[in-house]
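# Examination of the molecular architecture
Residues per chain, in single letters:
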Amino acid sequence: MFIELAEIVAEDAPGMLRELEEQLRSDQLAEVAQTAHALKGLLSTFHTGPPVAQLQPFIDEARQGHTDIVAMMFHDLVPSLRHFIGQVQQLNDRS
């Protein structure tokens, strides 16, 4: 079951990051909050600390409509999220 969840993350998480980038470019902060919340739920199966925990303040800022802060937070958060997603993908690759 754990490996199946890793497969879901490997398939869905990269697309969710791309979707967040597009939503940010289009200034769709309500959608950013929804997508980030879904991503947090998906990733929290594997870890609840950073970088997953850092998604909550990002979600909160998006819900409050703070475009500049959200963009800056996303820029700072993406590398660690990509690294974490890569680690989960490696679990899937080992199966």
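None of the values given here were measured: they were computed from a predicted structure.

Relative orientation of the contacting elements helix α2 (residues 29-43) and helix α4 (residues 67-94) amounts to 25 degrees, with a least axis distance of 13 Å. Considering their axes alone, α2 and α4 lie roughly parallel with respect to each other. Crossing of α2 against α4: the hand is left-handed. Across from Leu-29, Val-32, Leu-39 and Leu-43 in α2, the residues of α4 making contact are Thr-67, Val-70, Leu-81, Phe-84 and Ile-85. The class makeup of the residues in the contact of α2 with α4 is eight nonpolar, one polar and no charged.

For the rest of this paragraph, the subject is the confidence of the model for the chain. A low pLDDT means the predicted coordinates there should not be read in detail. On average, residues of the chain carry a pLDDT of 94, and 99% of them reach 70 or more. Least confident of the elements in the chain is α4, whose mean pLDDT is 92; most confident is helix α3 (residues 55-63), at 98.

By secondary structure assignment, the location of Val-88 is in helix α4. The contact partners of Val-88, leaving out residues within four places of it in the chain, are Ala-6, Val-9 and Phe-46.

With the rule as written, the count across this model stands at one salt bridge. Where Glu-21 meets Arg-82, a salt bridge forms, and the shortest distance between an N and an O atom there is 3.5 Å. One end of the pair, Glu-21, is in helix α1 (residues 2-25); the other, Arg-82, is in helix α4, with 61 residues separating them in the sequence.

It is worth spelling out the nonpolar core at this point. Side chains that are nonpolar tend, in soluble globular proteins, to be buried together. Formed by 28 residues in total, the largest nonpolar core has its most connected members in Leu-20, Val-32, Leu-39, Leu-43 and Phe-58. Secondary structure elements with two or more residues in this core: α1, α2, α3 and α4. If you tally residues by element for this core, the top one is α4, at eight residues. Leu-39 has contacts with Ala-13, Met-16, Leu-17, Leu-20, Leu-55 and Leu-81, leaving out every residue within four places of it along the chain.

Another point: the environment of Leu-55. Positionally, Leu-55 belongs in helix α3. Taking the C-alpha atoms as reference, Leu-55 lies 7.6 Å from His-37; in sequence the two are 18 residues apart. Residue contacts for Leu-55: discarding those within four places in its chain leaves Ala-36, Leu-39, Lys-40, Leu-77 and Leu-81.

The rules behind each value
- Residues numbered from 1 in each chain as written.
- Predicted model: local features only at pLDDT ≥ 70, side-chain atom pairs only at ≥ 80, totals over all residues.
- Heavy atoms only, no water.
- Axes fitted to C-alpha atoms, helices over the stretch in contact; angles between N-to-C directions.
- Helix = DSSP H or I, 4+ residues; strand = E, 2+ residues; numbered from the N terminus.
- Parallel < 35°, antiparallel > 145°, perpendicular 65-115°, else oblique.
- Left-handed = near helix turned anticlockwise from the far one by under 90°.
- Contact = heavy atoms within 4.5 Å.
- Nonpolar A, V, L, I, M, F, W, Y, C, P; charged D, E, K, R; others polar.
- pLDDT = per-residue confidence, 0-100.
- Salt bridge = Lys/Arg side-chain N within 4 Å of Asp/Glu carboxyl O.
- Core = buried A, V, L, I, M, F, W, Y, C linked by side-chain atoms within 4.5 Å.
- Buried < 20%, exposed > 50% of the residue type's maximum accessible area, 1.4 Å probe, protein only.

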